[in-house]
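Structure assessment
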Amino acid sequence: MSDVENGTKGNTGDFNFPKSSSSNGNNNNTPRNKKKRVRPLNPNNDGGAKIIIALLAGAGAAFLLSLLLLMSRLESQEFENGLLNSNVGGAQGVDDTLYEEQQEMGGVLPLPNGAWRKQHDLMQLQQKGQQQIATERQSKLLEKIKMFKDSNMDRMNKFNKLFGANPLDPVMKDANQELDRMQGVLEGKQKNDKTVKKLDLHEQLADAVHQEKEEKKKQKAARKKELGIVDHVALKQGDKVAAISDGDAPHLQPHFPPLPPHTMSVELFGEKIITDTLSHNKPTMAGIIAILQRFLQNLHQFLKDHRDSKAPTVINEYFALVTKYLVPLEEAYRDKPVFPIREDGSIFMSLGAYRDHLLGETLRQAFKNAASPDKLFVGAVVQNCFGIDVTCRTGVEVKGQDEHGRPITKISDREPDVNGIEQFCDDPEYTKYCDSGQIRALYVNETESNGPTTARYFASKLWGGETYFLQADAHLRFAPEWDRLYTEEAKAAKSYPKAVLSAYPPGFSEGDPPYKGGTVGTRLCTCAFSTSDVEHHIIRINTGGTCGENANAPTQIAYIAAGFFFARAEFLTDVPFDPFLPWCFMGEEIALSLRAWTNGWDIYAPRKNLIAHQYRPGRMGLPKFWENTGRVFGRPGPGFNTQLQSISLKRVKYMVGYKDTTKEALENLGHSVVLTDFQHYGPGETRTMDEFLEHVNIDIEKEECGSIKWCNKCLMD
């Protein structure tokens, strides 16, 4: 496996389930004082309040939204009940209101035949009951305001501590002053001479955002001038990317911004964005992201509900969740591309980033070294610990050795992860790619991430019609003109356009000189059945021989590496990513190889290395997703993830033909759920599974991998 110990294929913090919008470690322990990047408001969209609320990520959003709801409630309901009467403060307003109601009912008019006293006594009793209800309501409102102030101020203080001063501070100060005044009115300590003051929070917020935006614009303009950068012409909704020669760039209509994190597509564009994508054959990138975000929101609640559940129950219910929220998208575009494939030489790069401190630098390197950066598009699944209602944790760090020479390990609290998308988009040299729609991001809270297979499924859905599809990890270096050279290498393969390039790239360390590339590429020609109890005898692939430096064309290999492969985008239609492989670290490569080959795709080794990969041994102490799984389900350590993986992997083992994983065996074990929709994500029909096993010399009965002469000797064009 290319990344056995890598944080992407494989964390720690208290689990309080922050809501998601959105895989990798972060070694930067310096507190961040950077202001949050805020995108401009779009005047073409109605519902400006929705956009403003969406812009308030994290604590600011929770505070202002709650405040608006609370104040609106006080105005519309409690005024009517006299609790915040326009003339009298405190509970006295209740008496005024009740008296007015009595007048309207005729309750103060004299009654004949001595009935006045009985009616008066009855009304006093009713009034006493109403006053008691009103007093209780007043008390509850007062308690709510106090709790609201305390909890949200704690959150804002934490927000400011983490990120420094922000443009919302003046708005928050005004809001708290108004809450203090409302509290005083309820307690009868302060008179309310007029109606309750209505803060125009939307207007103040818009002013603050505008001021921040203008300041950022000035800073970027100065930096661009210093660097001699010539600006792109800014794209508006409906415009086409300059590099696109075919089609209408549907992923830009409407454009979904990559920042700030947790911006909800439905909040910006409404539920219609989902309906059009699923039911009306009008897919948009914003619609795709809205569907994925809806799934993540429901996954958030699912994890809370099943914190104490056993592994089989978790798997069964997770498959049901996927069936309800993701399968409709799969069905809507089964056996056809979601968007028309553009023949403009564009490349889509799929990145699954798990708490990855190198994501921003990976993006810089990719665009900086591309021959045609305007034709490079990125779909990044950013699985981070954002530090909102959760304590972020390190991975298992080695702190020394004990007296017997064994490592002493520790997991510690740490600051929230850096956002690589923000690092990239805030860099003046690369901002234009974010503004033009070339960077698409889905944010996943660490608590809702469940392994590389799911992250790569999400990332594949961010493809927007580009000619080529490249899947990679989020900690890479790129050689000059890597995009042009990979495209030419794919076209040089005999089986093109149904050719897949794949390899395990060479390694690099932070601090190495710029990567130049050009070394002889590796060949994925060997495999072995794992003997690890954690990996459940799954097939693991590895490297074999090389062809030297003088090969005239790329030659075929046996397997695809999940950490790097390059193909035409038709691959996504023929071999769609499987949403039913949660909590898996191993097994994706043998499944990918089998499915691609049986669907008629031949696999090739690039003759030259054009990217380098940071391999991550455990001693680096970077977070792993299985550590997070343990915390989420209240069972620290990797053990519970191993239980979940053992069930999910049966889907792969059934596909490959393991003798102990037949359909009957799965039914007897109560695990037949793993075959859900298997017909769409199993072997293809161009070539058979048995032909594949013969092709790569695997004896599934004996669980043995034999030597593959044609692969090691570079004999197959």
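Residues numbered from 1 in each chain as written. Predicted model: local features only at pLDDT ≥ 70, side-chain atom pairs only at ≥ 80, totals over all residues. Heavy atoms only, no water.

**Digging into the overall build of the protein chain**
When its secondary structure is counted, the protein chain shows 24 helices and 15 strands. Of all 717 residues assigned to the protein chain, the portion counted as buried reaches 54%. A total accessible area of about 30,900 Å² is found for the protein chain, and carbon and sulfur atoms account for 50% of it. (Helix = DSSP H or I, 4+ residues; strand = E, 2+ residues; numbered from the N terminus. Buried < 20%, exposed > 50% of the residue type's maximum accessible area, 1.4 Å probe, protein only. Areas by Shrake-Rupley, 256 points an atom, 1.4 Å probe, with all protein chains shown as cover.)

**Focus on the packing of helix α9 (residues 285–305) against helix α10 (residues 311–325)**
For the pair α9 and α10, interaxial distance at closest approach is 10 Å and the crossing angle is 155 degrees. Here α10 runs roughly antiparallel to α9, going by the angle between their axes. In the crossing of α9 with α10, the sense of the turn from one axis to the other is right-handed. Where α9 approaches α10, its residues I291, R294, F295, N298, L299 and F302 are matched on the opposing element by V314, E317, Y318, L321, V322 and Y325. Grouping the constituent residues of the contact of α9 with α10 by class yields 9 nonpolar, 1 polar and 2 charged. (Axes fitted to C-alpha atoms, helices over the stretch in contact; angles between N-to-C directions. Parallel < 35°, antiparallel > 145°, perpendicular 65-115°, else oblique. Left-handed = near helix turned anticlockwise from the far one by under 90°. Contact = heavy atoms within 4.5 Å. Nonpolar A, V, L, I, M, F, W, Y, C, P; charged D, E, K, R; others polar.)

**Quick notes on the state of the cysteines**
Under the defined criterion, the tally for this structure stands at 5 disulfides. C385 shares a disulfide with C392; S-S distance 2.0 Å. Residues C385 and C392 are joined by a disulfide whose S-S torsion is about -90 degrees; by sign, that bridge is left-handed. For C385, a relative accessible area of 1% gives the class buried. In the protein chain, the bonded cysteines, numbered by position in the sequence, are linked as 1-2, 3-4, 5-9, 6-8, 7-10. (Disulfide = S-S within 2.5 Å.)

**Things to note about the pairing of strand β11 (residues 564–568)**
Buried residues dominate β11, accounting for 5 of its 5 residues. Alignment of strand β6 (residues 468–472) against β11, held across 5 bridges, turns out to be antiparallel. Paired with Y468 across the two strands is R568, which belongs to β11. Where strand β8 (residues 499–502) meets β11, 2 bridges bridge the pair, whose relative direction is antiparallel. If you follow S502 over to β11, its bridge partner there is F565. (Pairing = 2+ DSSP bridges.)

**Structural notes on the nonpolar core**
General note: in soluble globular proteins, nonpolar side chains tend to be found buried as a group. Ranked by internal contacts, the top residues of the largest apolar core, which has 105 residues, are F295, F458, I539, Y559, F571, V656 and I698. In terms of residues, this core owes the most to one element, α9, which gives 12 residues. If you look at the next biggest cluster of nonpolar residues, it comprises 47 residues, including Y430, F478, A479 and A490. (Core = buried A, V, L, I, M, F, W, Y, C linked by side-chain atoms within 4.5 Å.)

**Points about the confidence of the model for the protein chain**
Mean pLDDT over the protein chain: 79, with 66% of residues reaching 70 or higher. Here residues 1–59 scores under 50 on pLDDT; set against residues more than four positions off or in separate chains, the count is 238 contacts. Under a pLDDT of 50 for its full length, residues 192–199 has, in the predicted model, 22 contacts with residues more than four places off or in other chains. (pLDDT = per-residue confidence, 0-100.)

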